[in-house]
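The primary structure of each chain is shown beneath.
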Amino acid sequence: MLSPPEPTGTEDPFELFETWFKQAEQSGIVLPESMTVSSVGEDGRPSARVVLLKEYDEKGFVFYTNYGSRKGQELDTHPLACLTFHWNILQRQVRIEGRVERVSHQQSENYFHSRGRGSQVGAWASHQSQVIANREALEQQVSMYKDKFAGGEVPLPEFWGGYRVIPDCIEFWQGKADRLHDRFRYTSDAKGWKVDRLSP
């Protein structure tokens, strides 16, 4: 197993994340881009769900959803989140903490139109997190929007788009024998990134 470098001052966690992510892709893990997004509601109650990472660079980590969903409402109200990746085959975990912002309308539109048409129609048909009577009601909504957009482009819904988590803390965890794991925490400040080794 490859571990992060020993903390020697300012390092770049994005380079390490890219290395680990590529190794996860090559490992045979199903959907290595799966990550748990944790947020908090107005009442202070935390909630978490698994979504798919769609883009990442030094600006942050991006996923897409319905803005009216529970997570969308929580992220808009309290724009802080934690992302967790767990790659069990590699005995690795990455936790990313930071503030959240919506990506630009153009970025959301570009991604939306890269999706399959069925997923585009599904975004219109599903009022995510809202109570529905039954499966039939959902399928009727899908049928309605298929007819509505037949023969033309499916537009980006105003209630759908991307969020970017801009990290100020990234922790890498590598499983080791006897539970003496490697943990490295990268934190950012005005000078850049600082890395510390944490006790397992």
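Starting from 1, residues in each chain are numbered consecutively following that chain's sequence as written. Thresholds applied to this predicted model are a pLDDT of at least 70 for local features of residues and 80 or more for the giving and counting of side-chain atom pairs; totals over whole chains, interfaces and linings are not thresholded and use all residues. Side-chain metrics in this entry use all non-hydrogen atoms of the structure; hydrogen atoms and water are not considered.

By the naming in an unreviewed UniProt entry, the protein chain is Pyridoxine/pyridoxamine 5'-phosphate oxidase, taken from Agarivorans gilvus. UniProt annotates the protein chain under Subunit (unreviewed entry) with the comment "Homodimer." UniProt positions are given in the numbering used here, feature names are shortened, and annotations may be inferred rather than shown by experiment. Annotation of the protein chain in UniProt includes, under Function (unreviewed entry), the sentence "Catalyzes the oxidation of either pyridoxine 5'-phosphate (PNP) or pyridoxamine 5'-phosphate (PMP) into pyridoxal 5'-phosphate (PLP)."

## Here we look at the layout of surface pockets
Using protein atoms alone on a 1 Å grid, points that fit a 1.4 Å probe yet trap it form a cavity, whereas open point sets bounded by protein on both sides within 12 Å along at least five of seven lines form a pocket; residues with an atom within 4 Å of a point count as lining. Grid points are joined across faces, edges and corners, and a volume is the space filled by probe spheres set on the points. Estimated volume of the largest pocket: approximately 220 Å³. Around the largest pocket sit 13 residues that line it, and Y64, T65, R115, Q128 and W160 are the ones nearest its centre. Broken down by secondary-structure element, the contributors of at least two residues to the lining of the largest pocket are β2 (46–52), β4 (60–66) and α4 (117–125). Think of it as three bins: nonpolar holds Ala, Val, Leu, Ile, Met, Phe, Trp, Tyr, Cys and Pro, charged holds Asp, Glu, Lys and Arg, and polar takes everything else, Gly as well. Here the lining of the largest pocket is composed, by residue class, of 6 nonpolar, 5 polar and 2 charged. Secondary structure is summarised from DSSP: a helix means a run of H or I of at least four residues, a strand means a run of E of at least two, and numbering begins at the N terminus for each.

## Thoughts on the nonpolar core
Where a protein is soluble and globular, its nonpolar side chains tend to be buried together. Within this scheme, the nonpolar core is defined by two criteria: the residues are buried Ala, Val, Leu, Ile, Met, Phe, Trp, Tyr or Cys, and they are joined through side-chain atoms within 4.5 Å. Residue burial is assigned from relative accessible area. The probe radius is 1.4 Å, only protein chains are included, and a residue is buried under 20% of its type maximum, exposed over 50%, and partly exposed in between. One finds F17, W87, V94 and I96 to be the most contacted residues of the largest nonpolar core, which totals 31 residues. Among the elements of the structure, α1 (13–26), β1 (34–40), β4, β5 (80–87), β6 (92–102), β7 (160–174), β8 (182–189) and β9 (192–198) are those that each provide at least two residues to this core. Sort the elements by how many residues they give to this core and α1 lands first, with 6 residues. Whether two residues are in contact is decided by their heavy atoms: any pair within 4.5 Å suffices. Apart from residues lying up to four places away in sequence, W87 is in contact with F17, W20, F21, A24, I29, P32, R92 and V94.

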